[in-house]
Amino acid sequence: MKEKILVANSSMPEFEEYMEEIKPLWNSHWLTNMGVIHQKLEKQLTDYLDVEHISLFSNGHMALELAIQAFNLSGEVITTPFTFASTTHAIVRNGLMPVFCDINKEDFTIDTNKIESLITDKTTAIIPVHVYGNICNIKEIERIAKKYDLKVIYDAAHAFGIQYNGRGIGSYGDASMFSFHATKVFNTIEGGAISFGDNQLEGKLYRLKNFGIRDEVTVDGVGANAKMNEFQAAMGVCNLRHVEEEIEKRKQVVNRYRDRLQNVKGLYLTMDQENVRSNYAYFPVVFDETVFGATRNEVCDRLKENNIFARKYFYPLTNTFECFNGEYNVEETPIALHISKRVLTLPLFADLTLDNVDRICDIVLSLQKI
Ligand SMILES: *Cc1c(COP(=O)(O)O)cnc(C)c1O
């Protein structure tokens, strides 16, 4: 059997580099609660992501959940179902009603032509997703948010390091959530952050991730425990030194995939967007069975037989999850439904060799009926 290839493979620094970074902890015994490595990473990420403020968290999901809480939202929030469970769960766990807007079929982000018809007097925010690192139609979202006085919190879990019009992607909207999970472009093992512009949010987020504690005798927020610890932060400090190199290697992989797959009939690939510095986070392919001759599931199974594990991101849609007991009508997001049944995310990580990309493409193309 050939070498096993997973959809992602965590970036890691050299063992010695990490050891060097965590060594001081054996003197300080300060392992968590916003220690010196945490502070260092927060500063470095504010610069790297080109944003005004950053608040670090134990993971991306808690970052999003607590950011929503920090804005004191109520009623309905417009979002998309073509995403990871986290986006929808963060809304529902805040006691808010997700209102699902369809996606566009070009880059799979929220269809801004369909947002306004979903706005009611209960709507308080839009939570769009820069899915696969494809950035949303920010200009339109800004226009709508301003017109109806809505908050905008981006799920930027896939968008680490992306620049749009020469600015960090996290500088748009009221806040953005980044995920530093092991499988993402940049990782702190588990981890995440909120970027934001409003000074007042800084203290709020700081307290919410630490039980809502204001000082020794005052607890004035119903917070959670979502602090990033020093070992996570140290992993981040190390990985950040190499992230540019990692993105460059990802780009080579993506270019090879595109060379092999972009003119194949029945396959749809997303391309680089205008004025965007991409991070090459994911490589989704949409299979049109009627033209290509094989379904997404057939391709996925064939890859699996060859020890290659692609993922059906994002299938199923979050508005069809069992936990919601049929509360949402999937017919209202037909394009998301169409894409989710046909999309397959191929393996992509910095150290994926071009030979292995070729092997994956050969298997995919062997299913083409001509
Ligand atoms: C990974 C991810 C999250 C959650 O991030 P974690 O760090 O794993 O908690 C949220 N939204 C999307 C779209 C993601 O891919």
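Cut-offs used in this document
- Residues numbered from 1 in each chain as written.
- Predicted model: local features only at pLDDT ≥ 70, side-chain atom pairs only at ≥ 80, totals over all residues.
- Heavy atoms only, no water.
- Helix = DSSP H or I, 4+ residues; strand = E, 2+ residues; numbered from the N terminus.
- Buried < 20%, exposed > 50% of the residue type's maximum accessible area, 1.4 Å probe, protein only.
- Areas by Shrake-Rupley, 256 points an atom, 1.4 Å probe, with all protein chains shown as cover.
- Pairing = 2+ DSSP bridges.
- Domains from an automatic or database assignment.
- Contact = heavy atoms within 4.5 Å.
- Buried area = accessible area lost by both parts, 1.4 Å probe.
- Salt bridge = Lys/Arg side-chain N within 4 Å of Asp/Glu carboxyl O.
- Nonpolar A, V, L, I, M, F, W, Y, C, P; charged D, E, K, R; others polar.

**Student:** Tell me about the overall build of the protein chain, and please be specific about residues and values.
**Tutor:** Secondary structure summary: the protein chain contains twelve helices and 15 strands in total. Summarising its shape, the C-alpha atoms of the protein chain cover approximately 70 × 55 × 40 Å along the three principal directions. Taken over 370 residues, the protein chain has a buried fraction of 55%. Of the roughly 17,000 Å² of accessible surface on the protein chain, a fraction of 49% belongs to carbon and sulfur atoms.

**Student:** Describe the sheet that holds strand β7 (residues 167–168), naming the residues involved and giving the relevant values.
**Tutor:** Paired through their backbone hydrogen bonds, the strands of a sheet run either parallel or antiparallel. Read from one edge to the other, the open sheet built from three strands follows the order β7-β6-β13, with strand pairing classed as antiparallel. Edge positions in the sheet fall to β7 and β13 (276–277), since each of these pairs with one other strand and no more.

**Student:** Account for the domain arrangement of the protein chain, naming residues and giving values.
**Tutor:** Accessible area lost during the coming together of the parts is what is often quoted as the interface size. By domain assignment, the protein chain separates into domain 1 (15–238) and domain 2 (242–366). Look at where the C-alpha atoms of domain 1 and domain 2 centre, and you get two points 25 Å apart. Each partner contributes residues to the interface: domain 1 has 40 residues there, and domain 2 has 37 residues. Carbon and sulfur atoms make up 63% of the surface buried where domain 1 meets domain 2, a total of about 3,200 Å² over both sides. Our count for the contact surface shared by domain 1 and domain 2 stands at zero salt bridges. Breaking the side of domain 1 that touches domain 2 down by element, the ones donating at least two residues are α5 (85–92), β3 (97–100) and β6 (163–164). Counting residues per element, the side of domain 1 that touches domain 2 draws most heavily on α5, which supplies four residues. Looking at the side of domain 1 that touches domain 2, its residues break down into 22 nonpolar, eleven polar and seven charged.

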